[in-house]
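Structural description and commentary
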Amino acid sequence: IVDEEKFRPAFHFTPQAHWMNDPNGMFFLNGTYHLYFQYYPEDNVWGPMHWGHATSKDMIEWQQREIALKPDEKGYIFSGSAVYDKNNTSGLGRENDPPVVAMFTYHDPKGEKEGKINYQSQAIAFSLDSGYTWTKYKNNPVIKNPGLKDFRDPKMTWDPIHKKWLMVLSANDRSIFYSSENLKDWQKLSEFGMQTGAHDGVWECPDFFPMKVEDSEEIKWVLIQSLNPGGYNGGSGTQYFIGDFDGKTFTPERNFKDLKDKHNYWLDFGRDNYAGVTWSNIPSKDGRTLFLGWMSNWLYAQEVPTEKWRSSMTLPRELTLKKTNSDYRIFSTPARELEKYKSAIQLQSKRDQNKVVFTAPAQSDLMSNEFNFAIPLKEIKKLQFSLSNSQNDSLKFGLNTEDHQFYVNRKKSGLIDFSDKFTQKFSTAPRIVKSDTLKVNFIVDRTSIEIFYDDGATVMTEIFFPEEPYTKFGIHADSKLEIENMEISRINTDGKE
Ligand code: FRU
């Protein structure tokens, strides 16, 4: 492998070459998951945006396809979504040949340069071959700019309750809802968010959909709303709101009515999960809410030490909605499709009262692995996990039980000086579920860690760039350490090892 390739994840999507940011237009059809993405095919930094395209049978192994949408005289192709128009409500398909319809934001760089504010509008395109080739609609834009400077990232969804198409987009400090019968004519319904949530940045890349509350028949609506900067640990981050939707207005639950900037309803508290949204057209017999985000942060995304390509997506995740003590919470876990790539392994370990260190066999490492275990917290006040190599690079993460704070510290994780923002501070996250036993699940894929604590109640995703692979995993406590149900797996993907 070329040197450069040592930082390329094995089972997360990365473009073969060049720059990528947000996931776009994710839909499922005929056994295939489609993923489009903000793509600049001429450089490894952000530039005139295209929609790149990749397909997968299981959201783990991806095949990159031809570019789906290219910029034109109306502007760059910014983020958006896609739906399968099964009943050809748009009339853009042929008889017995329904279209896939995408909506994206046209970003007109000329207008922006001239200092105008109306340079973003919403446009559609359709595909008659299940998403491989696209035709832009002739009467674009379908939603003109109403005089708002940041007006973008339309996310369409079929509203199964009110039986119409819905769309939510972000406009600087708010989400705006629209509906349509035919995906071409859109009526504004309402706005949300000026009074609540984190506002230390521009709202971008929303998503809006109903979910069943686990173990009940109750339906709640979820609004995902990314913002940049202003994330929980600085830079980009993704918050959410839970409430009711009457077909017109989104009314948040009491807990979501006046959230301050540092509230704790975030899909992920780590710094590297942004602009994530859910797949459309997941069959109802599957019924899952499947999510994936961009695994980077605008603070340093364009400086990370990969030259040929830049950025990766997160693992696909299943979102569930749970209610505990009148609080609604989103939980995330890795999509079960990862299971078939896992094989259980044993690692040599050395332990004493308060600590244990697992070591990878010679010639091997811990860079494509999953760890699953539980720790009864009892007297423990400080619990620290570390992944390290023989050069003393180490990624540290853990929990302080006194203030119920998790953290990730990548200060000594490897290459860090490509950006002074990368390790400026370590990340923290509140422990949401405070049971006596801490459940830990984390997945490492060369340059990323995705940590799912307490069955996915608190999630932290972060990237790192060690010059040599991590070969040791340690658990250190400040009092007697017990470990339950330790399961370690190697994750193998065909042809990439
Ligand atoms: C979020 C974002 C979107 C925009 C896109 C441009 O990362 O800023 O709001 O559509 O990236 O690439």
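Quantities reported herein were computed from a predicted structural model and do not represent experimental measurements.

Here we come to the overall build of the protein. For the protein, the count of helices and strands is 1 helix and 34 strands. The C-alpha radius of gyration of the protein comes to 22 Å, within 12% of the 23 Å expected for a compact globule of 497 residues. Among the 497 residues that make up the protein, the fraction classed as buried is 60%. Summarising the internal contacts of the protein: among those between residues at least 6 apart in sequence, 63% fall at separations of at least 24. Of the accessible surface of the protein, which amounts to about 20000 Å², a share of 46% is contributed by carbon and sulfur atoms. Computed over 61 positive and 69 negative side-chain charges, the separation of the two mean positions in the protein equals 1 Å.

So, on to the packing of aromatic side chains. The geometry of an aromatic ring pair is captured by two quantities: the separation of the ring centres and the angle between the planes. Counting across every chain of the model gives 49 aromatic pairs. Ring plane angle 85° and centroid distance 5.8 Å describe the contact between Tyr-36 and Trp-134, whose orientation is recorded as edge-to-face. Linking Tyr-36 in strand β2 (residues 32-40) with Trp-134 in the loop between β7 (120-127) and β8 (135-136), this pair joins segments that are 98 residues apart in sequence. Arranged with centres 6.4 Å apart and planes meeting at 70°, the rings of Trp-51 and Phe-104 form a pair that is edge-to-face. Of this pair, Trp-51 sits in strand β3 (residues 50-56) while Phe-104 is found in strand β6 (residues 100-107), placing the two residues 53 residues apart along the sequence. Judged by its relative accessible area of 0%, Phe-104 is buried. Chaining the aromatic ring pairs together yields one cluster made of Phe-177, Phe-192, Trp-203, Phe-208, Trp-221, Phe-241, Phe-245 and Phe-250. The ring of Phe-422 carries Arg-410 above its face, with NZ or CZ at 3.8 Å from the centroid.

Attention shifts here to the nonpolar core. The biggest cluster of nonpolar side chains holds 71 residues, and the ones touching the most others in it are Leu-383, Phe-385, Leu-387, Phe-397, Phe-442 and Phe-473. If you tally residues by element for this core, the top one is strand β14 (residues 219-228), at 5 residues. With near-sequence residues (within four places) excluded, Leu-387 lies in contact with Leu-366, Asp-393, Ser-394, Leu-395, Phe-397, Phe-442, Val-444, Ile-449, Tyr-470, Lys-472 and Phe-473.

Turning to the pattern of salt bridges, a few remarks are in order. Counted according to the given criterion, the structure contains 33 salt bridges. For Glu-450, the salt bridge is made with Arg-317, and the minimal N-O distance between the two is 2.7 Å. Here Glu-450, found in strand β31 (residues 448-453), pairs with Arg-317, found in strand β20 (residues 317-324); they are 133 residues apart in sequence, far enough to count as distant. Note on accessibility: Glu-450 and Arg-317 belong to one class, buried. Each of Asp-150, Arg-152, Asp-153 and Glu-204 takes part in salt bridges that share partners, so that together they form one network.

Our next topic: the sheet that holds strand β11 (residues 174-180). Taken in spatial order, the 4 strands make up an open sheet running β9-β10-β11-β12, and their pairing is antiparallel. Because the sheet does not close on itself, it has two edges, and the strands there are β9 (152-159) and β12 (187-192). Sheet twist, expressed as the mean angle between neighbouring strand axes with direction ignored, is 25°. In terms of strand pairing, β11 meets β12 through 5 bridges, oriented antiparallel. For Ser-179, the partnering residue across the bridge sits in β12 and is Gln-187.

Tracing the sequence through the fold places Asp-85 in the loop between β5 (76-84) and β6. Of the side chains with opposite charge, Lys-184 lies nearest to the buried Asp-85, which makes no salt bridge, at 8.2 Å. At a separation of 2.8 Å, a polar atom in the side chain of Asp-85 contacts the side chain of Thr-89. A polar contact is formed between the side chain of Asp-85 and the side chain of Ser-90, at a distance of 2.7 Å.

What follows deals with the pairing of strand β25 (residues 368-376). With respect to burial, β25 is a largely interior element, 8 of its 9 residues being buried. With 9 bridges connecting them, β25 and strand β30 (residues 437-445) associate as antiparallel partners. The residue of β30 that forms the bridge with Glu-370 is Ile-443. As defined by bridge partners, β25 adjoins strand β34 (residues 484-491) across 5 bridges and the pair is classed as antiparallel. Bridged to Phe-371 within β34 is Ile-488.

Once that is clear, we can look at the environment of Glu-484. As for its placement among the helices and strands, Glu-484 is situated in strand β34. Taking the C-alpha atoms as reference points, Glu-484 and Thr-437, separated by 47 residues in sequence, lie 9.5 Å from one another. Excluding residues within four positions of it along the chain, Glu-484 makes contact with Phe-373, Ala-374, Pro-376 and Thr-437.

Turning next to the pairing of strand β1 (residues 18-29). Counting buried positions along β1 yields 11 of 12 residues, so the element is predominantly enclosed. Direction of pairing for β1 relative to strand β19 (residues 309-310): parallel, over a ladder of 2 bridges. Counterpart to His-18 in the pairing with β19 is Trp-309. Strand direction decides the pairing type here: β1 and β2, joined by 7 bridges, are antiparallel. Residue pairing in the sheet places Leu-29 in a bridge with Thr-32 of β2. Here β1 hands over to β2 after 2 residues, with Asn-30 in that stretch at a positive phi of 45°.

Okay, the UniProt feature "domain: Glycosyl hydrolase family 32 C-terminal" (unreviewed entry) in the protein next. In the numbering used here, UniProt assigns the feature "domain: Glycosyl hydrolase family 32 C-terminal" (unreviewed entry) to residues 355-488. Overall, residues 355-488 shows 0% helix and 54% strand. The separation of its end C-alpha atoms is 17 Å.

Relative to the elements of secondary structure, Gln-346 occurs in the loop between β22 (342-345) and β23 (348-352). Between the alpha carbons of Gln-346 and Glu-487 there is a distance of 8.3 Å; along the sequence they are 141 residues apart.

Quick notes on the rules
Residues numbered from 1 in each chain as written. Predicted model: local features only at pLDDT ≥ 70, side-chain atom pairs only at ≥ 80, totals over all residues. Heavy atoms only, no water. Helix = DSSP H or I, 4+ residues; strand = E, 2+ residues; numbered from the N terminus. Rg over C-alpha atoms; globule rule 2.2 N^0.38 Å. Buried < 20%, exposed > 50% of the residue type's maximum accessible area, 1.4 Å probe, protein only. Contact = heavy atoms within 4.5 Å. Areas by Shrake-Rupley, 256 points an atom, 1.4 Å probe, with all protein chains shown as cover. Lys, Arg positive; Asp, Glu negative; His and termini not counted. Charge placed at Lys NZ, Arg CZ, Asp CG, Glu CD. Phe/Tyr/Trp six-rings, centres within 6.5 Å; stacked < 30°, edge-to-face > 60°. Lys NZ or Arg CZ within 6 Å of the ring centre and 35° of its normal. Core = buried A, V, L, I, M, F, W, Y, C linked by side-chain atoms within 4.5 Å. Salt bridge = Lys/Arg side-chain N within 4 Å of Asp/Glu carboxyl O. Pairing = 2+ DSSP bridges. Axes fitted to C-alpha atoms, helices over the stretch in contact; angles between N-to-C directions. Polar contact = N/O pair within 3.5 Å; in protein donor to acceptor, adjacent residues only side chain to side chain. UniProt positions renumbered as here; feature names shortened; annotations may be inferred.

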